[in-house]
Amino acid sequence: MKTKTPTLFAAIATLTFAPLAVAGENHAHGHGSKIEITIPEKLSDLWKSIEAEHATLSAAIAKQDIPSAHDAEQHLQAFLKAIPSKTAALGESTRARIDGQAKNLSRAYDSVHHASDDKAWDKAASALKKAEGSMKLLSAQIPAN
């Protein structure tokens, strides 16, 4: 029986690296609780929810509470993911700035999440500071009403 070496290598590479592709940003790893998340209707209310959940995340990091940090980060990701649907009535350039800043903030919160999972609390606190910088930039773009 003749084995095709390139096919064998492709199969091995696929099986080796496929789990890494799945373990990306929106991974599920069985801690924390599954919580129903209600997305506010207005962008300004959504922003208030983001600010409140950021405070919850900050407190969880200070207490080194992985489940609470995970839950807060899940809420924040859901809120940030909803932002583009709330910016449709805004001008194109404003919408682009808000959506771009929301993506940056989402990445910062993902870094907080991974660091807290690893119990790297200094790294989580540092990533939280980056998130706060992104929040300031995003806050300046959010209309008051």
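Residues numbered from 1 in each chain as written. Predicted model: local features only at pLDDT ≥ 70, side-chain atom pairs only at ≥ 80, totals over all residues. Heavy atoms only, no water.

Next up on the list: the overall build of the protein chain. When helices and strands are tallied, the protein chain shows 5 helices and 0 strands. Traced from its N-terminal end to its C-terminal end, the protein chain shows the element sequence α-α-α-α-α. Looking at the 145 residues of the protein chain, the share that counts as buried comes to 34%. Counted over contacts in the protein chain with a minimum sequence separation of 6, partners at least 24 positions apart contribute 75%. Summed over its atoms, the accessible surface of the protein chain is roughly 9000 Å², and 57% of this surface lies on carbon and sulfur atoms. (Helix = DSSP H or I, 4+ residues; strand = E, 2+ residues; numbered from the N terminus. Buried < 20%, exposed > 50% of the residue type's maximum accessible area, 1.4 Å probe, protein only. Contact = heavy atoms within 4.5 Å. Areas by Shrake-Rupley, 256 points an atom, 1.4 Å probe, with all protein chains shown as cover.)

With that out of the way, let us pick up the packing of helix 2 (residues 43-63) against helix 5 (residues 121-139). Interaxial distance between helix 2 and helix 5 falls to 11 Å at its minimum, and their mutual angle equals 165°. As far as their axial angle goes, helix 5 and helix 2 are roughly antiparallel. Handedness of the helix 2/helix 5 crossing: left-handed. Residues Trp47, Ile50, Glu51, His54, Leu57, Ser58 and Ile61 of helix 2 lie in contact with helix 5, whose contacting residues are Trp121, Ala124, Ala125, Leu128, Ala131, Glu132, Met135, Leu138 and Ser139. Considering only residue class, the contact of helix 2 with helix 5 consists of 11 nonpolar, 3 polar and 2 charged. (Axes fitted to C-alpha atoms, helices over the stretch in contact; angles between N-to-C directions. Parallel < 35°, antiparallel > 145°, perpendicular 65-115°, else oblique. Left-handed = near helix turned anticlockwise from the far one by under 90°. Nonpolar A, V, L, I, M, F, W, Y, C, P; charged D, E, K, R; others polar.)

The next subject is the pattern of salt bridges. Once the charged atoms of two side chains with opposite charge are near each other, the side chains can pair. One pass over the structure, following the stated rule, counts 2 salt bridges. Salt-bridge contacts for Asp45 lead to Lys48; the nearest nitrogen and oxygen are separated by 4.0 Å. In this pair, Asp45 and Lys48 both sit in helix 2, 3 residues apart, roughly one turn of the helix. Judged by relative accessible area, which is 31%, Asp45 ranks as partly exposed. Taking relative accessible area as the criterion, Lys48 reaches 52% and is therefore assigned exposed. (Salt bridge = Lys/Arg side-chain N within 4 Å of Asp/Glu carboxyl O.)

Another aspect to go through is helix 2. When the terminal C-alpha atoms of helix 2 are compared, their 30 Å separation across 21 residues agrees well with the 30 Å that a helix rising 1.5 Å per residue should span. On its buried side, helix 2 packs onto helix 3 (66-86), helix 4 (92-117) and helix 5. Taken from the residues just after helix 2, Gln64 is the one with a positive phi, measuring 55°. (Expected span 1.5 Å × (residues − 1).)

The values are spatial; any link to function lies outside them.
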